[in-house]
There are 2 protein chains.
Amino acid sequence: MGLEMGDTHRSKPRSRRGGVRRDPAAATISRVADAAGVSRATVSRVMNGSTTVAPELAARVRAAAEALNYEPSLLARSLALGRTSTVSLIVPDLANPMFQDILRGLSTAAGAHGHRLMVAESNENAEAEQILAVEARRRSDGLVLASSRIPEPQLRALHERLAPLVLLNREIPGTAVPSLSVDYHAGIRAIVAHLLGYGHRRLVYLAGPPASTSNTDRLVTLRAEAAGSPGFHLTELDCGSTFETGHAAARAVLATGATAVVAFNDMVAFGALSGLHELGVSVPGQLSITGFDDIPFARYTTPPLTTASIPKNELGRQAWERLWALMSGAPPGYDARFQPRLLVRDTTGPVRA
Amino acid sequence: MGLEMGDTHRSKPRSRRGGVRRDPAAATISRVADAAGVSRATVSRVMNGSTTVAPELAARVRAAAEALNYEPSLLARSLALGRTSTVSLIVPDLANPMFQDILRGLSTAAGAHGHRLMVAESNENAEAEQILAVEARRRSDGLVLASSRIPEPQLRALHERLAPLVLLNREIPGTAVPSLSVDYHAGIRAIVAHLLGYGHRRLVYLAGPPASTSNTDRLVTLRAEAAGSPGFHLTELDCGSTFETGHAAARAVLATGATAVVAFNDMVAFGALSGLHELGVSVPGQLSITGFDDIPFARYTTPPLTTASIPKNELGRQAWERLWALMSGAPPGYDARFQPRLLVRDTTGPVRA
DNA sequence: CTGAAAGCGCTAACAT
DNA sequence: ATGTTAGCGCTTTCAG
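Residues numbered from 1 in each chain as written. Chains lettered and ligands numbered in written order. Predicted model: local features only at pLDDT ≥ 70, side-chain atom pairs only at ≥ 80, totals over all residues. Heavy atoms only, no water.

Draft legend 1. Region of interest: helix H9 (residues 213-228) of chain B. All names here are of chain B. Given a rise of 1.5 Å per residue, 16 residues ought to cover 22 Å, and the 22 Å separating the end C-alpha atoms of H9 matches this to within 8%. Of the positions making up H9, those classed as buried are Ser214, Asn215, Arg218, Leu219, Thr221, Leu222 and Ala226. Looking at the buried residues of H9, the elements they touch are helix H8 (184-197), strand S6 (202-207) and strand S7 (233-238). (Helix = DSSP H or I, 4+ residues; strand = E, 2+ residues; numbered from the N terminus. Expected span 1.5 Å × (residues − 1). Buried < 20%, exposed > 50% of the residue type's maximum accessible area, 1.4 Å probe, protein only. Contact = heavy atoms within 4.5 Å.)

Put into structure tokens, the structure is as follows:
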């Protein structure tokens, strides 16, 4: 099949200057072209399935590629094409199932369109997140920021450099950055109404990370509700967003004398539940607990957790849709604010007489 | 500061051929060079912190870069350098906390060395995994395959194309591919001994995905133990690796008449626990249950799950070390097989009289 | 210390 | 239908 190597495409001697070739034996488009006795353009055409190549030539090219174990460099291809077919996602905490679900939704949707996903975790650190965001964006064609902890001014200053950008649980008012979020206000109202209906009047809120805007949302609504309902007493406890912080807060919760605890999210609720259990407190007998997010484990705890469910996977999926639209110059969909669905399970009950 | 634009570095007119520039206004090294009145080489030197540049020139370059909002193209840089500073991870199931922990360990370690992580999920599909693996590898400098479901022959055929490659919970005997794994045999033996000590003689194994080699390991040991202990009766139930499958298996578990269930992993154990709970079965009163992995939730279930703990984060961290060694031409560390630690919690107890 | 030029591997407009 | 060539944006050797 005449697969000998030549150098017909390199008029000047290859003097091993410039960039570093990793594997000197690696097959390149030029080698394949030489081996098949065609031009690189033809090889490129064949590799990309162009129909305008004579069957015989195409066969020769394929044989050469096969023989040389040729695999086009995606890097070079990306550079030439101006796109990487990769998008990035940044989350505050990979350990949180909530973000993992978003990750899955995004990964799946992007994958279905031939795109890969790059992930990075900011560890709840706003500084780190900014660096990561810029770098991640530079390595890919688009970026999704989930529950970004970046303060508004910085985010506002940054958003143009990050475009195409999609925000999850965050928005930049006055800009066209697509945003998908959850109506935490509504979720909290539903939780409070549920608790009030059971006769609870003394609630304690296990607050999440201060940089979390959704924590602020919850707080604002909680305070408003407390202010609006006579006899409704609210205590706020700084907590965090993890099992551990929820678990550690058990004793403090007890000390407040509250009859119901509204946890920042399911992880915290789960931790508190466990901590309370260790202290011999029965739930919901002595104390009611609510979570937020409805992570997969929530329905399997004992007792199953009352929580506000949000469409995590959908958030990821739709983030992809918005991003894809942005990347292809189409109009992104309208911003959406998903309404949480209250799932009354067994960690809440009537207040003890 | 003389930041006007010029075209001194383009002898031929830029006729907008070849590759597609995404953003025509984007700052490139050439523009910065022109603006600063220096060569691209100098800009490159400055951007990469070379000390051999005259302070005055360096300042001019920095000013120009700043003014133009210049950000070097990581893509072009990667092409020239021959490396992407990115590594990839492929897991069967992103929903499994076990893999998420590995992901975190790897992500953190890689990040600390200035590398980014790319993830893909094979959804327990061996075919998809092979495609993903090859592509992921082509986009990055190295690959980690976690609990790969790729059959041995294919994996063996593929491993050279995937190098630098590190395997987690999998190995290719006879090759030099670094492998980090868990001694499932030992873990299962510890679990069985624990159960036998409580007087259990009829066990049921909730089997994981058939393609999982670690499932095979568990099975082999379980059968050996059963064969070696008179009176020890083992039933095998095909199950899977998720909550749902564990939950769905509850009734079947009961039907076996076993007094203890050995679940493939914590997720399955958790699902079974929940399913049994719904059927009014008390654990460990009527039935004992064990998991495997010790995912974060395991200690928070009610009752807390008896399981075999494995160093998930460490697996990710060390995977990075091996990969990094491979990529830098250093000898990778020795293969390691971590010994699970049995964590006796409250889902196991004496067999009912 | 700086610049010129070759090179990384691929794509696509243009010409034949 | 195929080849030629310019170009993607950066790095690095070499010469001065």
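Picking up after the structure, the text goes on.
Draft legend 2. Summary view of the interface of chain A and chain B. Contacts between the two partners involve 52 residues from chain A, matched on the other side by 52 residues from chain B. The largest share of the area that chain A buries against chain B comes from A:Arg138, A:Phe297 and A:Tyr300, three residues that together contribute 15% of it. At the boundary of chain A and chain B, one finds six salt bridges. Of the charged contacts in the structure, one is a salt bridge between A:Glu135 and B:Arg116, with a shortest N-O distance of 3.3 Å. The interface formed by chain A and chain B contains 13 residue pairs in polar contact (both at pLDDT 80 or more). Within the residue set of the side of chain A that touches chain B, elements represented by two or more residues are helix H4 (74-81), helix H5 (97-112), strand S2 (116-121), helix H6 (126-139), helix H10 (243-248) and helix H12 (266-278) of chain A. Class assignment of the residues belonging to the side of chain A that touches chain B gives a composition of 24 nonpolar, 14 polar and 14 charged. (Buried area = accessible area lost by both parts, 1.4 Å probe. Salt bridge = Lys/Arg side-chain N within 4 Å of Asp/Glu carboxyl O. Polar contact = N/O pair within 3.5 Å; in protein donor to acceptor, adjacent residues only side chain to side chain. Nonpolar A, V, L, I, M, F, W, Y, C, P; charged D, E, K, R; others polar.)

Draft legend 3. Representation of the sheet that holds strand S2 (residues 116-121) of chain B within the structure. Ordered in space as S11(A)-S5(A)-S4(A)-S3(A)-S1(A)-S2(A)-S2(B)-S1(B)-S3(B)-S4(B)-S5(B)-S11(B), the 12 strands form an open sheet in which the pairing is mixed. Of all the strands in the sheet, the pair left with one neighbour each is strand S11 (336-338) of chain A together with strand S11 (336-338) of chain B. On average, each strand axis in the sheet is tilted by 20° relative to the strand beside it, whichever way the strands run. As defined by bridge partners, strand S5 (residues 179-182) of chain A adjoins S11(A) across three bridges and the pair is classed as parallel. Each bridged residue has a counterpart across the sheet, and for A:Leu180 the counterpart in S11(A) is A:Ala336. On top of the sheet, helix H13 (residues 312-327) of chain B reaches strand S1 (86-91), strand S3 (142-146), strand S4 (165-168), strand S5 (179-182) and S11 of chain B; it is set at about 160° to S4(B), its chief contact. (Pairing = 2+ DSSP bridges. Axes fitted to C-alpha atoms, helices over the stretch in contact; angles between N-to-C directions.)

Draft legend 4. Layout of the pairing of S4(B). All names here are of chain B. Residues Leu165 and Leu167 line one face of S4 and the alternating positions Val166 and Leu168 line the opposite face, and both faces are buried. Examined bridge by bridge, S3 and S4 share four bridges and lie parallel to one another. Its bridge partner being in S4, leucine 145 is matched across the sheet by leucine 167. What joins S3 to S4 is helix H7 (residues 152-162), and the crossover it makes is right-handed. (Right-handed = clockwise from strand over helix to strand, strands pointing away.)

Draft legend 5. Structural detail: the packing of aromatic side chains. Considering all chains together, one arrives at 15 aromatic pairs over all chains under this definition. With 4.4 Å between their ring centres and 15° between their planes, A:Tyr300 and B:Phe243 make a pair best called stacked. With one member in each of two chains, A:Tyr300 in the loop between strand S9 (288-290) and strand S10 (307-309) and B:Phe243 in helix H10 (residues 243-248) form a pair that bridges those chains. The class for A:Tyr300 is buried, based on a relative accessible area of 4%. Members of the aromatic cluster, joined through ring pairs, are A:Phe243, A:Phe270, A:Phe297, A:Tyr300, B:Phe243, B:Phe270, B:Phe297 and B:Tyr300. The ring centre of A:Phe292 lies 4.8 Å from the NZ or CZ of A:Arg218, which sits over that ring. (Phe/Tyr/Trp six-rings, centres within 6.5 Å; stacked < 30°, edge-to-face > 60°. Lys NZ or Arg CZ within 6 Å of the ring centre and 35° of its normal.)

Draft legend 6. Local environment of unusual backbone geometry. Following B:Ala163, the chain continues into B:Pro164 via a peptide bond in cis, with omega recorded as -5°. Relative to the helices and strands, B:Pro164 is located in the loop between H7 and S4. Look at the link from B:Val283 to B:Pro284: it is a cis peptide, with omega at 5°. Considering the arrangement of structural elements, one finds B:Pro284 in the loop between helix H12 (266-278) and strand S9 (288-290). Its identity is not glycine, yet A:Glu124 carries a phi of approximately 65°, on the positive side. Inspection of the secondary structure assignment puts A:Glu124 in the loop between S2 and H6. Even without glycine at this site, B:Asn69 takes up a positive phi of about 60°.

Draft legend 7. Structural context of the UniProt feature "domain: HTH lacI-type" (unreviewed entry) in chain A. The feature "domain: HTH lacI-type" (unreviewed entry), as given by UniProt, occupies residues 27-81 of chain A in the numbering adopted here. Between the C-alpha atoms that bound residues 27-81 of chain A there is a distance of 20 Å. The span itself is 69% helix and 0% strand. (UniProt positions renumbered as here; feature names shortened; annotations may be inferred.)

Draft legend 8. Fine view of the UniProt feature "domain: HTH cro/C1-type" (unreviewed entry) in chain A. Mapped onto the present numbering, the UniProt feature "domain: HTH cro/C1-type" (unreviewed entry) falls at residues 28-75 of chain A. Segment residues 28-75 of chain A splits into 67% helix and 0% strand. End C-alpha atoms: 12 Å apart.

Draft legend 9. Region of the structure containing the relation of the copies chain A and chain B. Of the transformation superimposing chain A on chain B, the axial component is 0.0 Å and the angular component is 180°, with the fit at an RMSD of 0.1 Å. Expressed as an axis order, the relation between the two copies is that of a two-fold axis. The position closest to the rotation axis in chain A is occupied by the C-alpha of A:Met118, lying 2.2 Å away. When you check the interface residues of chain A against chain B, 100% turn up at the interface there too, and the contact is symmetric in its surfaces. (Least-squares fit on C-alpha atoms with pLDDT ≥ 70 in both.)

Draft legend 10. Summary view of the environment of A:Arg189. Residue and element names in this part refer to chain A. Inspection of the secondary structure puts arginine 189 in helix H8 (residues 184-197). Judged by relative accessible area, arginine 189 falls into the partly exposed class, the value being 40%. Along the primary structure arginine 189 and alanine 255 are separated by 66 residues, whereas in three dimensions their C-alpha atoms are 25 Å apart. Beyond its immediate chain neighbours, meaning those up to four positions away, arginine 189 contacts Thr221 and Glu225.

Draft legend 11. Summary view of the sheet that holds strand S7 (residues 233-238) of chain A. All names here are of chain A. Ordered in space as S7-S6-S8-S9, the four strands form an open sheet in which the pairing is parallel. Whereas interior strands pair on both sides, the edge strands pair on one side only; in this sheet they are S7 and S9. The average undirected angle you get between the axes of adjacent strands in this sheet is 20°. In terms of strand pairing, strand S6 (residues 202-207) meets strand S8 (residues 260-263) through four bridges, oriented parallel. Looking across to S8, one finds that tyrosine 205 is bridged to valine 262. Seen against the sheet, H12 touches S6, S8 and S9 and runs at an angle of roughly 155° to S9.

Draft legend 12. Structural detail: the domain arrangement of chain A. Residues and elements named next belong to chain A. Once the domains are mapped, chain A shows domain 1 (29-72), domain 2 (84-180 + 312-336) and domain 3 (184-311). The distance between the C-alpha centroids of domain 2 and domain 3 comes to 28 Å. The interface formed by domain 2 and domain 3 contains zero salt bridges. At the boundary of domain 2 and domain 3, one finds eight residue pairs in polar contact (both at pLDDT 80 or more). Broken down by secondary-structure element, the contributors of at least two residues to the side of domain 2 that touches domain 3 are H5 and helix H13 (312-327). (Domains from an automatic or database assignment.)

Draft legend 13. Representation of the side chain of A:Thr84 in the model. Tracing the backbone shows A:Thr84 in the loop between H4 and strand S1 (86-91). On the basis of relative accessible area, A:Thr84 is assigned to the buried category, the value being 7%. A polar atom in the side chain of A:Thr84 sits 2.8 Å from the side chain of A:Asp141. Residues in contact with A:Thr84, not counting those within four places in the same chain, are A:Ser78, A:Arg139, A:Ser140, A:Asp141, B:Leu75 and B:Arg139.

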